[in-house]
Each structure stands twice: as structure tokens, then as C-alpha cells.
Amino acid sequence: MNTTPHSMKSLPAASLILLLLGGHCLADAKHFTPNGIFHAAKDSTAVPADFTLTGDADFGTFGDPKTENNGHGLRLIAGGDFNKDGRHEATLTTIVKALKHEDGRWFRLRALALVQPEFPIESVMLHLKVEFLRDGGTNALDHITREFSSVIAAERRILADKGTNKNLGPATWRSFDLEFRTPFPEVDALKLSVGFRNGEDTADHAECWISELQLSAIPVPADYAQPANEPRLSRDLAKSMVPLGGRWYFDPRGGDRAPPAQFDHSNADRLFYLSAQLETPFIDNMTAWFRKGYRDAQGDTVIEDEFVPDNLIISFDKTHMIVRSRGLPNHPTGIFPDKARYLDGNPNYLQEKVTTTRIPLEPRENKDRLAMQDATNNNNALPGGPIGVAVNGIVFFNPFDHLLDADAVWRLDRCCGHPSPRAQYHYHKYPVCIKSPWADDGSEHSPLIGFAYDGYPIYGPYESKGLLAKDDTRNPINEFNIHRDEERGWHYHVTPGKFPHVIGGYWGVAEMRHGAR
């Protein structure tokens, strides 16, 4: 087995790169035909030099060459314990380095596979996974996974034919795709994986055969909205504005200085938060859509898309910012319930949840504070359910799902959310889609993205240009994911790819007066 990662020159935006399981060099252009199809050598059965193989898997000839010509490649063996390590799982990985975000950030990972009829897809999770790395592949930032066992299950039903020769079965070669955008410009390497978990002690022939693993640069999807740069306003301008309490200000723009009773999408551009500069965090974050398939507050299924102008309403009293939200995300989501098992088979609907949250304007440090320990929440440092709210009205949860020791981040959709058993859509980690309308690409300190229930603000991942807060050694964040500076005071940072992802516990006194109305 060779564990040497692959290194390549920058990837042209329009190029097609194929990771072939035939022992050929990834970047060797002579192996490509004009239409991007690679013809692997028929006699190669060794693990390619640029890949690492672990678990119940092997490279070899597919099936019995005396009865059928299927070629060779990766054999994922879900039946029995092939390598005798007491586990039933396998992974094939490779690392593609020297990527440059200027050359494009959208990619497609594709596997060409045949799943044998005996492969137990009801329990085994077949998946593609991409991990986003920086610093030449030494620093993990985030990851995305797609499970495709359910696709195979559906295909078995569709292709069922009593007239088919029983020796052949319903299996067929087909492609499985994972399309993604690198979430940070610092990403200069991708760790690509294909594999399975939850294998069984089953009969022979419980194999998935994979002959090709392809990575291709793809055009920016037509429905993708590139974030724009937010205007940066000097802190000094706050002197001409009306203070609302804490760090909040209303801009009268030369008119009536009486603040409005509430802020919505029509006047969100006049509500400012004083950070290192004045920010308008609610612009473009107060409206949403009822999407077909969602459920409304009464539990009725939404039949067609409907625009929701009042998804988020903000008001103030003397001590609190009051956040009234209908809990509808203002960005793409996965399809829930996840009947197709595109993610993990989440059975819950995404439902409108009308909530009112009171965020203290003057946070108070808690002398008896607790942080989660040992990547668990056994000391109950954070409650289950909501622990804060993002600037689009979607709540943050702690890092765990329904099990205290089960990190939930792998279960999330592209925008890092999913619905709870109570049908409340929420985030467990840095929600990359919340960056709209900002372009938070690491050119400076990240903007505000939400608040914990103790009143302290939550910022994006960057501490300064090119520096993630989780990597800052000069002013490091602590186990609560919080630190202090002169301009922002105490503030949390999300930590992509690193526990606890959002916050590690309440640094201040949490006010839990929130809920449905």
C-alpha cells in the first residue's frame, strides 16, 4: 500500500481531472482522450501509488473472468471481515494538492460503480466524501459527504425483471455524483474518499465494484448567487446615529430620529451594529420562501412556493433585542424528509416555527460557566435544542444530534442545516450560506453572523486576513470558542472543521426566555 498523497499543478477551471483506479498518474495528460474518457490498463490490480486503502477492501479483478468480463479496480467488501480487524468498513482516499481558488471553486466528484445484488444496502452506507484542506493539505477546514445506498435501492426496484437471467441479476454500472464548492479561498487541497460503513457478516458476493473515481472542475451553477462585498462604514458615523442599546444604532438619515417600532426587510439597511466598523447584518436576511414540501405552522404541507416578506422581525426594548422569526431558511436546503437518503435519511419535515428570542443588549460574564469536555456534552454545558440565533432567524444547536456523543455535522445539507425531530431547521456548525450578503473570503475579520443566548456575538471563522480564529496564537480563542479584542469586546468565532464548531459553552449568563408564540 502506498500512502503518498498526489500533488498536481493548479487546476484549470474548464479541465476534467480523472482519478483512475488503474495505476496511472492523475495529471498525466497523455492518458486523456478529447472527450475526457480515460482507458485504464486491463492488467493492473495494485493499489494506485497516489491512493490509500484501508479496511475491508481490495484491488483486483471484478467477479469471475470465466463468466463475465467486468475489468478490475476497487472491491468494497461489505460481507464478512475481509481484513480481520473486527470492523466492517473501508475507505479509499487520495489528496489533490496545489489548487488555486482563482482558477475556480466548483467541482464534481464522480464514482463509476456496480453494486452486486447481494450487497446489503439496507444497512450499509456507501458514500463519497470531500474534505477541504489548507496549508498544503495539513490543516482540515470542513467536509461534505453524500450517501448513495438509497439510490441503489431505488434502482433495484425499478430494474426488477422476473425475466432476467438469475445469474446476472439487476446490478448495472452507473455513476454517482457529489457536486460542491470549496467553502474557503484558503482551500488548496482536497481529500477525496469513497467507501462504506456498517458492513455485515453476510454471504459471499456482497461487494461494490468501482472502476473510476473522477474529479472535474465544473462551471458555476446558474442558481448560485455570489456574495457581494458589504460597504464598510467608519465607527465614527455612529455619533450621528440614534443609540438603541448595547452596540445597536438606528440611522435617521437626516429625518425623524425616533426609531421605528420594528425593523424588517424594508428598513434593515438602517439598523447598524458597532463592531470594528458599522455593520448591517440583517440586510437580505429578513425574507425567505415557503418552499413546496415545507409545512406551515399548522402542519399543512406547502403546495407551491410562496414569498415570505416577514420571516424575521427585529425590535428593541431597554434591555433586549427581540428577534421574532418564522424559522424559514433564506437559502437552499436539502429535501426533507430525506426519503431518497441523499444525506442520512432524516425523516423529519422542515416546518415553519414561529419563535420569539430575547437577546440581552449588555451581556454579563458568568463566573460559574462551563465548557463542554472531551468532545462530549456529559457535563450539560449546553442544552439540547437552540443555543443561539443566526442573523437570518435560524437557530444554532450544540454540536450533537440526539445522542450526546454523536457529532451531528456529517448529517447536514449543503448550507449546514437540517430539521430536528420537532421539524425545526437549525445549524450545528458554521452555516456557509449565512455569509450573504457579505463576501467573507478571508480578506479581513469575519462579519457578525448571529448571537448566543447569553448575548455575546458570534462571528464567522476569520480573525484577520488569511488567519482563521482557530489558528490564532496571538489572541487564541478558548474552549468556549470566545476571545476578546478592543473593538468587539468578548465575541465567539465559529471553527470550521474543529469541535465545538459554533460555541463550546455559554461565556455569559444565558437568558432562556425564548420559544414559540
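For the structure, see preceding data.
Since this is a predicted model, take the numbers as computed values, not measurements.

> Break down the nonpolar core for me, with residues and values.
With 106 residues, the main nonpolar core has F180, W248, F282, I314 and M321 as its most contacted residues. Other than its neighbours up to four places away in sequence, F282 contacts W248, A268, L271, L312, I314, M321 and V391. Within the second largest apolar cluster, six residues are counted, among which are A238, Y249, F272 and L274.

> Tell me about the sheet that holds strand β7 (residues 125-134), and please be specific about residues and values.
With respect to topology, five strands assemble into an open sheet ordered β2-β5-β10-β7-β8, the strand pairing being antiparallel. Edge positions in the sheet fall to β2 (52-55) and β8 (139-147), since each of these pairs with one other strand and no more. Pairwise comparison of adjacent strand axes, ignoring direction, gives a mean angle of 20° for this sheet. Pairing of strand β5 (residues 90-96) with strand β10 (residues 189-197) involves seven bridges; the strand directions are antiparallel. If you follow T94 over to β10, its bridge partner there is L192.

> So what's going on with the pairing of β5? Which residues, and what values?
Counting buried positions along β5 yields six of seven residues, so the element is predominantly enclosed. Alignment of β2 against β5, held across four bridges, turns out to be antiparallel. Its bridge partner being in β5, T54 is matched across the sheet by T91.

> Quick one: what's the story with unusual backbone geometry, residue by residue and with numbers?
In this structure, the amide linkage connecting F336 to the following residue, P337, adopts the cis form with an omega of 0°. When you line up the elements, P337 lands in the loop between β19 (320-325) and β20 (355-360). Each neighbour pair has its own omega, and for F499 with P500 the value is 10°, a cis peptide bond. The phi angle at A98 is positive, at roughly 60°, despite the residue not being glycine. Position of A98 relative to the elements: it lies in the loop between β5 and β6 (106-115). Non-glycine residue D135 carries a positive phi angle of around 55°. Structurally, D135 is set in the loop between β7 and β8. Taking relative accessible area as the criterion, D135 reaches 41% and is therefore assigned partly exposed.

> Describe in detail the pattern of salt bridges, supporting the description with residues and values.
Overall, the coordinates contain 18 salt bridges when judged by the stated rule. D58 is paired through a salt bridge with R75; the nearest N and O atoms lie 3.7 Å apart. Residue D58 is found in strand β3 (residues 57-61), and its partner R75 is found in strand β4 (residues 72-77); the two are separated by 17 residues along the sequence. Residue R75 is classed as buried on the basis of its relative accessible area, which comes to 16%. Note that E207 is salt-bridged to R75, the shortest N-O span being 2.7 Å. Of this pair, E207 sits in strand β11 (residues 207-217) while R75 sits in strand β4, and the two are 132 residues apart along the sequence. Overall, E207 belongs to the buried group, its relative accessible area being 10%. Shared partners join several salt bridges into a network, and the residues in it are R108, R110, D177 and E179.

Reading the values: the criteria
- By convention here, each chain's residues receive numbers from 1 onward along its written sequence.
- Reporting of local features is limited, given that this is a predicted model, to residues whose pLDDT is at least 70; pairs of side-chain atoms are given and counted only at 80 or more, and all residues count toward the totals for whole chains, interfaces and linings.
- Side-chain calculation: all heavy atoms of the structure are included, whereas hydrogens and water are not.
- Grouping buried Ala, Val, Leu, Ile, Met, Phe, Trp, Tyr and Cys residues that are joined through side-chain atoms within 4.5 Å yields what is termed a nonpolar core.
- Only protein chains enter the accessibility calculation, which uses a 1.4 Å probe; a residue whose area is less than 20% of its type maximum is buried, one above 50% is exposed, and one in between is partly exposed.
- For this analysis, residues touch if any pair of their heavy atoms sits within 4.5 Å.
- Should DSSP find at least two bridges between two strands, the strands are regarded as paired.
- Starting at the N terminus, helices and strands are each numbered in turn, a helix being any DSSP run of H or I of at least four residues and a strand any DSSP run of E of at least two.
- Axis lines are fitted to C-alpha atoms, over the contacting stretch for helices. Their N-to-C directions set the angle, which ranges from 0 to 180 degrees.
- Put simply, a salt bridge is a Lys or Arg side-chain nitrogen that is within 4 Å of an Asp or Glu carboxyl oxygen.

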